[in-house]
Amino acid sequence: MTRSEETAWPADLSISSIPAIEAVDLTRRYQLEGVAVDALRGVSLRIDQGEFAAIVGPSGSGKSTLMHLLGCLDRPTSGVLRVNGVEMSGLSESRLAELRNRTIGFVFQSFHLLARTSALDNVALPLVYRGAGRAERRSRATAALEAVGLGHRMGHRPSQMSGGEQQRVAIARALVGEPKVLLADEPTGNLDTRNGAEVMAILDRLNSESGVAVVLVTHDQEIAAHARRQIHVRDGLIELDTATAQATGQATGQATEGAAEGGRPL
Amino acid sequence: MRGREAFVMALEALRVNRLRSALTMLGVIIGVLAVVILVSVGTGAKDAVEKQISGLGTNIILVVPGQLTVGAAPTQSRLSLADAAYVRRVVGDPAKVTVSLQSGETVRVGRTEAFVTIVGTDQNLTNIFDRPLAKGRHLSETDVDTRRRVAVLGAEVAAKMFGDIDPIGRQVSIAGARFRVVGVYATVGQTFGLSRDQEVHVPVTTAQRMIGVDRINGLAVGASGPDEIQPLQEKVVAALAARYPGEKFSAVTQTQLLGTIGSVLGMLTGVLAAIAGISLLVGGVGVSNIMLVSVRERTREIGLRKALGARQRDVLAQFLIEAVLLTTIGGVIGIVLGVGGAVAIRSLTEVPASITWWSIALAFGVSAAVGVFFGVAPARRAARLDPVIALRAE
Ligand SMILES: Nc1ncnc2c1ncn2[C@@H]1O[C@H](COP(=O)(O)OP(=O)(O)OP(=O)(O)O)[C@@H](O)[C@H]1O
Ligand SMILES: [Mg+2]
C-alpha cells in the first residue's frame, strides 16, 4: 500500500492493515548441557491490531517460549518476526529494548512488581525508560491505575495488596505506555476464580475500549473462551488456529481432532 | 532513561538496604579516613621540619669534612681554626664565617645536673644563625681570643639549672670546670629532633682546651643573598679541596637540606598513604562483593526492567551509579571524619597534622574511582543478563 492510499483511508482501518505481530516459521532451539531442545519447530502466526487471542496447549509445548519471542525478549533461532511492521532480526539490543518499551506490554503469572515500590511508581516504570518527565509519568500512571479500577490504591505497595489487585497493577503497567500488543503468560494462574474473572473482565474491556491486541496463554478453558481466537500449541508447533481454521472453512471441533497428530495447519 | 532517574533509582536501592549499604560504606570510610589522617600527619611532619630548617636563619651554608649524609655520624674532622681563618679570607667577609665544635658534657649547678650539648663557637654565630637572646649578651671576640670560661645557656638549660633565679653572672660547672653565665638564649625549638634550647655555648677556644682537641666539627658561612649561595658554596669547597689535596669536603645549603629532608619525608608520607590506600582497596573489594550479591538478588528485577524496555546501558548505569554512590558517600564521610581526626590529633598531641586540600580532593577522587573500578564487573553482569532467564530466576 502506498502512503497516499493510507492517508485516504479512515485512521482505524489503515492501522489495522499492518499486523501487530507477524511471525513466519519461527524456531527456537535451546542448548542444554550439549543437548539440543527444540522448543519451537516452525511457528507462523499473525496477530492483527485489536485482536484477542488465547494460546493453549500442554505443559512444555512451547507457549512461553513463543510469548518471549513475540515480545522480543528473546531472539528466534530461525524465522522472521515483524512487530508493528518492524523486522526484529536487524535490530540492536538497545533498539529492541525500545521496541519492547513502545509496542509491547507484558503481564506475568507472578506479577513481577517491584517490592517496596508504590503501585504508582511500579506502573510508571516503563515511562522512565522512555525518558518521560516526572509530571507526565505521574499523570499517565494515575490514569492507567484508574483504568484498572485501582485509583484508590496508588500509594500501596505490592505487599499491601491482594493478588488480584497486584495483577491489575501489572496490567496498568503493561498499558501505561500505550502498546500495540499486550502479552499475558497465564495472567490468572496465581489467582482464585473470582480474582481471575475480574482480571479477565478488565482485559476484555481494555481490548474492546482501547483497541490493544491481547494475546494470553492459559490452561483454563473458561479463560480461553474469552478470546475470539484460540491457538493450540503442541510440541513446538501450532496444532490448530481457529482464525485460519475458519478461513479454510473448517469447523473448530473437527479441526481440533483432525490436527491431533501434530500437523501444522497454515 | 534520564540521568536523574538513574540517580534516584540507585539512591532508592541503597536506602532500601540501609544496614547493608552502611556496612559496605564502612570499609570505604575507614580507608579514606586512614588516607586523610596519615597524609595530614606526614605533611604536618614535613612542614614542621621545613620550618625548623628555615628557622635556623637565612642563606646558610654548612661546611663539614668528608661526605655529608643526613643522619650519619660525622667523620673525624681535620678542620682547624686555621682553616676557618683561611675560609674567612676566601669568603672575604670574616664576620660571615663561624665555627662549631660540639661535645656532650654534664653541667652542674649545686646539686642540679644535666647532660647537654656544649657548642664551642665564636662571636660570628649570630651573624649567620637566628639566635635571639632572652637576657645578657652573646659571646664576644675577646671571649674567644682570651679563652674565657664564659657560657651562654639555652633556654631549657637555664630554666632547669636556675629556675626563677637570674643566671647572669652566676657560676656553672661544665665537665668539672667553672664557667660564668653571660647570657641566656630565647626559646628556639628543635631541629631534627635535637632541642637547640638544650645547648650551652662557650668560646670555641675554651671548648678546644676543655675537650683536648685542636680541631673543629665544621664551619658555617652566611651568604649575602640567595643568589650568592651557590657560587659561595662552590668557592669554599674548591678552596678547602685545594688546601688539602685528595680530601673531600662537603658544603650543604639550607635549600639542599630542605630538598633532601623534604623528599625523605615526602616518601614517608607516600608510604603511609599507600598503606592506607590498601585498606581503601579492601573497602572497594567489599563494594564489589555486595554489588554482586545485589545483582544476584535482584535478577528478577533486572529481567523485569529489561522486559519493560531498559537497555543494557540503563541497567549498567543503574548498578554502576549504585556502586559509585556507595564509595563516594563513604568517601565524604571518611573525609569529614579524617579532617576531624587530624584536627583532634593536632590539638590533643604534639604531632603536627596539617590538612591539605589536595589530599581531600585525592581521597574523594580515589573513592569515586574505586566505585567505578569495583562496580563495573557487577554492573556488566547485570546488564548482560538474559531477560528470559532473569525473569525465571528464583
Ligand atoms: N532456558 C531453557 N533452556 C533449555 N530448555 C528450555 C529453556 N526454556 C524452555 N525450555 C524447554 O523448552 C520447552 C518449552 O518450554 P516452555 O516454557 O515454552 O513451555 P510452556 O508451554 O510454557 O509450558 P508451561 O505450560 O509449563 O508453562 C520445554 O521442553 C522446556 O523444557
Ligand atoms: Mg509457560
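Just so it is clear, the model here is predicted, and its values are computed rather than measured. (Residues numbered from 1 in each chain as written. Chains lettered and ligands numbered in written order. Predicted model: local features only at pLDDT ≥ 70, side-chain atom pairs only at ≥ 80, totals over all residues. Heavy atoms only, no water.)

**Structural notes on the overall build of chain A**
Then, number 1: Scanning chain A for helices and strands turns up 11 helices and 10 strands.
Then, number 2: Burial status across chain A gives 51% buried among its 266 residues.
Then, number 3: The long-range share in chain A, meaning contacts at least 24 apart out of those at least 6 apart in sequence, stands at 69%.
Then, number 4: Summing over all exposed atoms, chain A offers an accessible surface of approximately 11900 Å²; the carbon and sulfur share of this is 49%. (Helix = DSSP H or I, 4+ residues; strand = E, 2+ residues; numbered from the N terminus. Buried < 20%, exposed > 50% of the residue type's maximum accessible area, 1.4 Å probe, protein only. Contact = heavy atoms within 4.5 Å. Areas by Shrake-Rupley, 256 points an atom, 1.4 Å probe, with all protein chains shown as cover.)

**Focus on the domain arrangement of chain B**
Then, number 1: In terms of domain boundaries, chain B breaks down into domain 1 (3–51 + 259–392) and domain 2 (67–247).
Then, number 2: A C-alpha centroid distance of 54 Å is found between domain 1 of chain B and domain 2 of chain B. (Domains from an automatic or database assignment.)

**Quick notes on the interface of chain A and chain B**
Then, number 1: Contacts between the two partners involve 25 residues from chain A and, on the opposite side, 25 residues from chain B.
Then, number 2: Regarding the contact of chain A and chain B, the summed buried area is about 2300 Å², with carbon and sulfur atoms giving 60% of it.
Then, number 3: Linking chain A with chain B are 1 salt bridge.
Then, number 4: The salt bridge involving B:E5 is made with A:R137; its shortest N-O contact spans 3.1 Å.
Then, number 5: Summed over the shared surface of chain A and chain B, the number is 6 residue pairs in polar contact (both at pLDDT 80 or more). (Buried area = accessible area lost by both parts, 1.4 Å probe. Salt bridge = Lys/Arg side-chain N within 4 Å of Asp/Glu carboxyl O. Polar contact = N/O pair within 3.5 Å; in protein donor to acceptor, adjacent residues only side chain to side chain.)

**Focus: the site of ligand 1**
Then, number 1: Taken together, the neighbourhood of ligand 1 is formed by 14 residues, with A:S59, A:G60, A:K63, A:S64 and A:T65 sitting nearest.
Then, number 2: The site occupied by ligand 1 is bordered by residues of chains A and B.
Then, number 3: Between ligand 1 and A:G60, the relevant distance is 2.9 Å, taken from an oxygen atom to a main-chain nitrogen or oxygen of the residue.
Then, number 4: Between A:K63 and ligand 1, the recorded distance is 2.7 Å, taken from a side-chain N or O atom to an oxygen atom.
Then, number 5: Contact with the protein chains hides 71% of the accessible area of ligand 1, taken as 640 Å² for the molecule alone.
Then, number 6: Every element with two or more residues in the shell around ligand 1 is listed here: β1 (21–32) and α3 (63–70) of chain A.
Then, number 7: At 3 residues, α3(A) tops the list of elements feeding residues into the shell around ligand 1.
Then, number 8: Of the residues contributing to the shell around ligand 1, the split by class is 4 nonpolar, 7 polar and 3 charged. (Near = heavy atom within 4 Å. Nonpolar A, V, L, I, M, F, W, Y, C, P; charged D, E, K, R; others polar.)

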